[in-house]
Each structure stands twice: as structure tokens, then as C-alpha cells.
Amino acid sequence: MSPVLQQLAKAAFSYPAIDNHAHPFLTEKNRNAFPFEGLNSEATGEALTVDSHYTLACYRAAAQLSKLFGLKGDEANWESVKRKRETIDYAELCAMCMNPTGIQCILIDDGLGGVADLAEGYKWHDQFTTSPTKRIVRIEVEAQGILQELLNARATEVTSSTVGEVLATFTQKFRESITASAEDKEVAGFKSVACYRTGLDIATSGALEEIQNSVLDALARYKQKGDLRFEHKALNDHLVRITLEVAGQHQKPVQFHTGLGDSDITLTKSSPAHMQPIIEAYSDTTFVLLHSSYPYTRDAGYLTSVYRNVYLDFGEIFPFVSGDGQRAVVRQVLELAPTNRILWSTDGHWWPESYYLGTLQAREALYEVLADSVRREELTEHQAVGIVQNALFHNSNRIYGLNLAPNLNML
């Protein structure tokens with residue numbers, strides 16, 4: 001075995017971290033609301049509850065959680081992990097998973113479906129960090145809530161002759177809401193899931209008639225299915241453009257889901273390469289490309305290398321991708337992306353174990369990849385330490401305007 005690089009190991013495994021994109025924990029009452037296999041996979045149905053057991057990601061997660069829970073020998077497997085976690089007091093389980101992470105601050109997107117009914121509020125998570133949790137506002141959820149309120153207040157149905165008036169009011173209220181969030185010190189930034197809804201080929205402008213027709217289509221879907229979900233391109237792109245304008249004026253980053261997701265995503269439209277025109281059109285706005293853009297990491301790295309307003313987050317691959325895959329992705333991130341513009345996140349959601357694995361595996365991958373480069377004399381150990389510290393803490397601290405001092409006593 002190669003000798004341990006002591007200074008790099010210290011940075012990789014103990015430097016405090018800012019988790020720049022995560023979601024809330026489930027409440028104790030709802031700790032079993034979703035299949036636990038969602039820890040390792042975005043699949044649904046039996047592809048999740050059966051097939052995901054046979055992935056390298058699941059085998060590794062089972063091994064690492066078995067070690068955390070004290071399971072050995074034949075008990076060190078996925079089913080035993082699931083049984084064991086059920087016997088642990090929920091507060092103890094949360095602390096057991098969070099205390100070893102070294103996460104100093106979490107930026108929480110609380111717009112994930114199910115959060116309002118099943119999960120803890122974002123401030124609840126402050127008990128596990130030494131710096132206050134901040135919000136990431138999911139713009140599509142905000143917009144749906146605003147339109148729902150307008151519809152509830154109307155006595156008549158929206159038609160082609162009245163949709164213009166409704167759209168004007170809706171646009172004004174949405175802009176006011178985004179502006180209020182941008183001015184709110186509790187809000188660190190915004191997030192769009194346009195990738196899920198209509199793809200990342202976001203138009204830089206839109207015809208009024210097309211936007212109005214999208215509103216009518218959204219309302220027709222609402223009338224038919226009973227839920228208001230924006231999956232109409234002209235409307236979604238309209239919301240993104242408003243957000244990018246306001247966010248740029250207030251210097252708040254806008255996160256975009258890119259790449260890795262569930263079967264709702266049209267994979268061919270999830271590459272951030274589609275975003276090049278919108279990135280150029282809003283050059284004063286900071287774009288954060290989430291989830292390593294996997295499997296389009298190189299596309300994201302390219303954009304990060306040529307546009308100063310683009311940052312690349314390497315998250316969600318921990319623990320969704322195998323260990324070899326994670327190291328390959330981190331290497332791809334580092335192929336082109338400037339290391340002062342890469343960010344880390346867990347994409348932790350629902351279960352405390354997602355934060356634990358998301359941190360442990362990321363720290364391991366950073367050390368292993370950078371140690372290889374140091375041993376090949378492609379960079380010094382001192383430079384590698386700086387890359388780790390920037391990726392885990394300083395880059396997020398800077399672009400989100402958190403103004404935090406790293407707490408070096410966390411681990």
C-alpha cells in the first residue's frame with residue numbers, strides 16, 4: 001500500500017464542510033414513509049425495492065452502515081442494516097449519522113415533494129451543525145403555490161379571453177415572491193427542476209401567446225388530475241428567466257438539477273450542455289450545476305471552465321454510484337473545472353444515513369483521487385489540501401455569501 005499523505009488525509013477526513021444542497025430529514029413519526037432503498041437509488045417500484053439490492057452502490061452502503069451499526073460477519077448485509085436501524089431510537093440514529101460528518105452548515109431545498117407533510121422544518125437541522133441552516137427556494141413549487149392561490153380566489157374559470165390577465169397577475173406575484181426570497185437572509189439561493197419538467201434547453205426568450213397557452217394547458221391538467229404541476233415548457237422557461245434576472249440583481253446563486261434523477265427525466269435533455277445559451281444570456285447570475293451532472297460530468301466541467309458564472313457541484317453520486325464510478329466522476333470534474341468553482345453536497349434526503357454516506361464517501365473519493373495526483377507529482381500535497389478545503393467549504397462559503405469561519409474543532 002502507498003503511504004498515507006498525512007496533511008491531505010487530515011484535510012479530506014476532518015476539514016469542516018458546507019453541504020450546499022440537501023433536503024430535510026423525515027420526522028420520527030414518518031421515518032418509514034418511503035422504501036429505505038431510496039438511499040441508494042432513484043428507481044421506483046421493483047427496480048428500487050428488488051434490483052437496487054444488486055448494485056455495487058448498495059453492497060458498499062451495506063458494508064459501511066454495518067460498520068456504523070456494529071454489525072459483523074453474516075449480519076453485515078442490507079437486510080440486517082434495515083432491521084438494525086429500526087431498533088435504534090430516532091434521535092440517537094440521527095446523531096449517530098450526523099456527528100461524524102463534519103458538516104458545519106446545510107443549505108436545504110425544502111420544496112421536495114412530501115416535505116410539508118412528512119419532514120422536519122429546515123431550522124430543525126441546526127442541532128447537528130455549528131452554523132445555521134439556510135434555505136434553497138425551489139422556484140416551481142413557489143410558482144405553483146402562487147397560481148393555486150389565484151385560482152382559489154377566482155369566482156370564474158380561466159379562459160382564453162381571461163388568461164392574459166391571469167398571467168400578468170401571476171407573473172407580478174411570482175416576481176414579488178422571488179424578490180422577497182432574494183432579500184431574505186434565511187435564503188441562500190434558488191433551485192429549478194426544469195430538468196425534470198421540460199428539459200434543460202431553456203429558451204432565452206418566449207412569446208407571450210406561447211406562455212399563455214402553457215398556462216391554459218397547466219390549468220387543463222389541473223382540472224383533469226386535481227394537482228397543479230408545471231410541466232409546460234414556455235411557462236417553465238418563463239419562470240426560470242424571471243428567477244435568473246432577480247437572482248442576478250441580488251447576487252443569489254441559482255441551482256439547477258442536472259443529470260442523475262429518476263424516470264421522470266428525459267435523459268437526453270438532462271445534460272447541462274443544453275444550458276449554454278441561457279448561461280450566456282444571464283452572465284451576471286451564478287449558475288450551480290447540481291449532482292455532478294452525471295453522466296454528463298464532462299459537459300458540466302467544460303461549461304465551468306469557460307463561463308465564470310458557472311459552478312459545478314459534485315453531489316448525489318455519493319452513495320448512488322459505485323466507488324470506482326465516484327472516483328471516475330471526481331476525476332472528470334477535475335479534468336477541466338477550476339478548483340475554485342467546484343462545490344460539494346450530499347443531496348441528503350429523508351434518512352440521516354444519506355448524509356452520513358454522502359459525506360464519508362465524498363471524503364474518501366477526494367482523498368484517493370488527489371493522492372494519486374500527488375504521487376504522480378502532478379500537484380503538491382499543499383495544493384491538494386487547498387483543493388479539498390475549497391471544495392468542501394470555502395467555495396460555497398464565498399458564492400452563497402455565508403461569511404462563515406471554518407470550525408476546525410468539529411472532527
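That block above? That's the structure.
Residues numbered from 1 in each chain as written. Predicted model: local features only at pLDDT ≥ 70, side-chain atom pairs only at ≥ 80, totals over all residues. Heavy atoms only, no water.

Focus on the overall build of the protein chain
So, step 1. Looking only at helices and strands, the protein chain features 17 helices and eight strands.
So, step 2. Across its three principal directions, the C-alpha atoms of the protein chain cover 75 × 45 × 35 Å.
So, step 3. Per-residue burial for the protein chain yields a buried fraction of 56% across its 411 residues.
So, step 4. Counting contacts in the protein chain only where the partners sit at least 6 residues apart, residues at least 24 apart contribute 79% of the total.
So, step 5. Approximately 17,300 Å² of the protein chain is accessible, and the part contributed by carbon and sulfur atoms is 49%.
So, step 6. Of the side chains in the protein chain, 37 bear a positive and 51 a negative charge, and the two mean positions are spaced by 3 Å. (Helix = DSSP H or I, 4+ residues; strand = E, 2+ residues; numbered from the N terminus. Buried < 20%, exposed > 50% of the residue type's maximum accessible area, 1.4 Å probe, protein only. Contact = heavy atoms within 4.5 Å. Areas by Shrake-Rupley, 256 points an atom, 1.4 Å probe, with all protein chains shown as cover. Lys, Arg positive; Asp, Glu negative; His and termini not counted. Charge placed at Lys NZ, Arg CZ, Asp CG, Glu CD.)

A short note on the environment of R363
So, step 1. Of note, R363 is situated in helix 16 (residues 352–375).
So, step 2. On the accessibility criterion, R363 (4% relative accessible area) is buried.
So, step 3. Remark: the alpha-carbon pair of R363 and R298, spanning 65 residues in sequence, is separated by 21 Å.
So, step 4. With sequence-adjacent residues up to four places away left out, R363 is seen in contact with A11, A12, F13, S14, Y15, P16, A17, T101, G102, L392 and L411.
So, step 5. Within the structure, R363 has its side chain in polar contact with the backbone oxygen of A12 (distance 2.8 Å).
So, step 6. Within polar-contact distance, the side chain of R363 engages the backbone oxygen of Y15 at 2.8 Å. (Polar contact = N/O pair within 3.5 Å; in protein donor to acceptor, adjacent residues only side chain to side chain.)

Here's the deal with the side chain of H349
So, step 1. Within the fold, H349 resides in the loop between strand 8 (342–344) and helix 16.
So, step 2. Accessibility expressed as a relative area gives 11% for H349, which makes it buried.
So, step 3. Within polar-contact distance, the side chain of H349 engages the backbone oxygen of G38 at 3.3 Å.
So, step 4. Excluding residues that lie within four positions of it along the chain, H349 makes contacts with H23, P24, G38, L112, F320, S354 and Y355.

Concerning the sheet that holds strand 7 (residues 310–314)
So, step 1. The strand order across the open sheet formed by eight strands is 1-2-3-4-5-6-7-8, and the pairing between neighbours is parallel. This sheet does not close on itself; its edge strands, each paired only once, are strand 1 (17–22) and strand 8. For this sheet, the mean inter-axis angle between neighbouring strands, taken without regard to orientation, is 25°.
So, step 2. For strand 3 (residues 134–138) and strand 4 (residues 187–192), the ladder comprises four bridges, and the chain directions are parallel. Directly across from R138, in strand 4, lies its bridge partner K191.
So, step 3. Along the sheet, helix 7 (residues 139–153) contacts strand 3 and strand 4; its crossing angle with strand 3, the most-contacted strand, is approximately 65°. (Pairing = 2+ DSSP bridges. Axes fitted to C-alpha atoms, helices over the stretch in contact; angles between N-to-C directions.)

A short note on the environment of Q172
So, step 1. The topology assignment puts Q172 in helix 8 (residues 163–182).
So, step 2. C-alpha separation for the pair Q172 and G113, spaced 59 residues apart in sequence, amounts to 25 Å.

Considerations on the packing of aromatic side chains
So, step 1. Counting across every chain of the model gives 13 aromatic pairs.
So, step 2. Considering the side-chain rings of F25 and Y355, the 5.0 Å spacing of their centres and the 55° angle between planes classify their relative orientation as tilted. One end of the pair, F25, is in the loop between strand 1 and helix 2 (46–49); the other, Y355, is in helix 16, and 330 residues separate them in sequence.
So, step 3. On the basis of relative accessibility, which here comes to 0%, the residue F25 falls in the buried class. (Phe/Tyr/Trp six-rings, centres within 6.5 Å; stacked < 30°, edge-to-face > 60°.)

Digging into the layout of surface pockets
Any empty space left between the atoms is revealed when a probe the size of a water molecule rolls over them.
So, step 1. Taken as a whole, the largest pocket spans an internal volume of roughly 830 Å³.
So, step 2. Lining the largest pocket are 33 residues, and of these E42, L112, G113, D262 and W350 lie nearest its centre.
So, step 3. Contributing elements (two or more residues each) for the lining of the largest pocket: helix 6 (115–118) and helix 9 (194–197).
So, step 4. Considering only residue class, the lining of the largest pocket consists of 13 nonpolar, ten polar and ten charged.
So, step 5. Of the volumes computed, that of the second largest pocket is approximately 250 Å³.
So, step 6. Lining of the second largest pocket is provided by L151, R154, T156, E157, V158, L216, L219, A220, Y222 and K223.
So, step 7. Its residues assigned to classes, the lining of the second largest pocket shows six nonpolar, one polar and three charged. (1 Å grid on protein atoms, 1.4 Å probe; cavity = no way out; pocket = protein on both sides within 12 Å on 5 of 7 lines; lining within 4 Å. Points joined across faces, edges and corners; volume = space filled by probe spheres on them. Nonpolar A, V, L, I, M, F, W, Y, C, P; charged D, E, K, R; others polar.)

Purely geometric stuff here, so don't read any function into it on its own.
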